[in-house]
Amino acid sequence: VEVLDSLARGYLAADRPLDAEPPLSDLVRLQPNNADYLRLRWTLYRKLKRREEAYADARRLLELTPRDDELRRTAMGEAFSVGRFAEAEELCRSLLDQKPGDRRLRSMLAEIRRARGDDADAGRILDELIQSDSSDYAALQARGILYDETGHPDQAVPLLRRVFDEDPSRKRPAGYQLA
């Protein structure tokens, strides 16, 4: 184990991630409950953009460190990026149980619900976000896009026009939607 640890860490320090993966995987196999080795490999997979493997390691890490909300949030994003929307929703809802007013999480839940094909629920969540803060340009833009893509351009245009006119950071994407 010590030799594998030294090899893996040496390769990581030398920025040789492909060489670090075999000894790290051996360490994880030999010590499956060692969160440090698993976290090293998870970080390595993320660096190598091996998303499925990174997400699998994140899920295992969550089993070992269930109170790590930062990891849970990252795993939620990873689940979404690999198309595991049900798992992303489960992770998002567990975070929302602890922080029900978190606007970013609620916005992410809307995105997840939309990816799962529930445009109505996504719209409801976005409407709630907009109702509680009419200057939430991200929610306005997402709702405008949702209206547009579900065949309601008459409802989309005013929202997207407002985003275009009032939020310079979102001007280009809103403009694309309006075109």
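Quick note: structure is the one above.
**Q** Could you give me a rundown of the overall build of the protein chain, with the residues and numbers involved?
**A** Looking only at helices and strands, the protein chain features 11 helices and 0 strands. Along the protein chain, helices and strands appear, N-terminal first, in the series α-α-α-α-α-α-α-α-α-α-α. Over its C-alpha trace the protein chain gives a radius of gyration of 21 Å, far above what one expects of a compact globule, namely 16 Å for 179 residues. Judged by the C-alpha coordinates and their principal axes, the protein chain covers about 65 × 30 × 25 Å. Long-range pairs, those at least 24 residues apart, make up 41% of the contacts in the protein chain with a sequence separation of at least 6. Here the protein chain has roughly 10,000 Å² of accessible surface; of this, 49% comes from carbon and sulfur atoms. Considering the protein chain, the positive charge centre built from 31 side chains and the negative charge centre built from 34 side chains are found 1 Å apart.

**Q** A description of the packing of aromatic side chains should follow, citing residues and the corresponding values.
**A** This model, assessed by the stated rule, comprises 1 aromatic pair. Cation over ring: R46 sits above W42, and NZ or CZ is 4.7 Å from the ring centre. Above the face of the F164 ring, K171 is positioned so that its terminal group lies 4.5 Å from the ring centre.

**Q** Break down helix 6 (residues 85-98) for me, citing the residues and quoting the values.
**A** Over its 14 residues, helix 6 runs 20 Å from end to end, which matches the ideal 20 Å to within 8%, given 1.5 Å per residue. Buried-residue contacts for helix 6 involve helix 4 (51-64), helix 5 (69-81) and helix 7 (103-115).

**Q** I'd like a rundown of helix 2 (residues 17-30), residues and numbers included.
**A** Compared with the 20 Å implied by 1.5 Å per residue over 14 residues, the 20 Å span of helix 2 between its first and last C-alpha is a close match. Within helix 2 the residues assigned to the buried category are P17, A20, E21, P23, L24, S25, L27 and V28. Buried-residue contacts for helix 2 involve helix 1 (2-13) and helix 3 (35-47).

**Q** Residues and numbers for the side chain of Q141, please.
**A** Mapping Q141 onto the fold places it in helix 9 (residues 137-149). Q141 has contacts with L160, V163, R170, P173 and A174, leaving out every residue within four places of it along the chain.

**Q** So what's going on with the packing of helix 2 against helix 3? Which residues, and what values?
**A** Between helix 2 and helix 3, whose axes approach to 9 Å, the crossing angle comes to 150 degrees. Our classification of the angle between helix 2 and helix 3 gives roughly antiparallel. The two elements helix 2 and helix 3 meet at a crossing, and its hand is left-handed. In this structure, helix 2 contributes P17, A20, E21, L24, S25, L27 and V28 to the contact, and helix 3 contributes Y37, L38, L40, R41, L44 and Y45. The residue makeup of the contact of helix 2 with helix 3, split by class, is 10 nonpolar, 1 polar and 2 charged.

**Q** How would you summarise unusual backbone geometry if you had to cite specific residues and measurements?
**A** With a phi angle near 55 degrees, D15 is a residue other than glycine that sits in the positive phi range. Assignment of secondary structure puts D15 in the loop between helix 1 and helix 2.

**Q** Describe the pattern of salt bridges, and please don't skip the residues or the numbers.
**A** Under the definition given, this model contains 28 salt bridges. The partner of R143 in a salt bridge is D127, and the shortest N-O contact between them spans 2.8 Å. With R143 in helix 9 and D127 in helix 8 (residues 119-132), the pair connects residues that are 16 residues apart, well separated along the chain. Judged by relative accessible area, which is 10%, R143 ranks as buried. Using a relative accessible area of 33% as the deciding quantity, one classes D127 as partly exposed.

Procedures and definitions
Residue numbers restart at each chain and count upward from 1, following the sequence in its written direction. The predicted origin of the model limits local features to residues at a pLDDT of at least 70 and limits the giving and counting of side-chain atom pairs to 80 or more, whereas totals for whole chains, interfaces and linings rest on all residues. To get the side-chain values, all heavy atoms of the structure are used, and hydrogens and water are removed first. The way it works is that DSSP assigns letters per residue, a run of H or I at least four long becomes a helix, a run of E at least two long becomes a strand, and they are numbered from the N terminus. What the globule rule says is 2.2 Å times the number of residues to the power 0.38, and the radius of gyration is computed from C-alpha atoms. Contacts: residue pairs with any heavy atoms within 4.5 Å of one another. To measure how exposed things are, a 1.4 Å probe is used in the Shrake-Rupley method; for residues, cover is taken only from the protein chains shown. Only four residue types enter the charge count: Lys and Arg as positive, Asp and Glu as negative, with His and the chain ends excluded. The atom standing in for a charge is NZ when the residue is Lys, CZ when it is Arg, CG when it is Asp and CD when it is Glu. In summary, the pairing rule links any two rings of Phe, Tyr or Trp, Trp by its six-membered ring, whose centres are within 6.5 Å, and it sorts them by plane angle into stacked for under 30 degrees, edge-to-face for over 60 and tilted for everything else. Definition used: whenever NZ (Lys) or CZ (Arg) falls within 6 Å of the ring centre and also within 35 degrees of the ring normal, the charge is taken to sit over that ring. For a helix, the expected span equals 1.5 Å multiplied by the number of residues minus one. Burial classes follow relative accessibility: with a 1.4 Å probe on protein chains only, a residue under 20% of its type's maximum area counts as buried, one over 50% as exposed, and anything between as partly exposed. An axis is simply a line fitted to the C-alpha atoms; with a helix, the fit covers only the stretch in contact. Between two such axes, the angle follows the N-to-C directions and lies from 0 to 180 degrees. Note that the term roughly parallel is reserved for angles under 35 degrees, roughly antiparallel for angles over 145, roughly perpendicular for angles of 65 to 115, and oblique for everything else. Note on convention: the crossing is left-handed when the near helix lies turned anticlockwise from the far helix by less than a right angle, right-handed when the turn is clockwise. In this classification, the charged set is Asp, Glu, Lys and Arg, the nonpolar set is Ala, Val, Leu, Ile, Met, Phe, Trp, Tyr, Cys and Pro, and all remaining amino acids, among them Gly, are polar. By convention in these notes, a salt bridge is any Lys or Arg side-chain nitrogen within 4 Å of a carboxyl oxygen on Asp or Glu.

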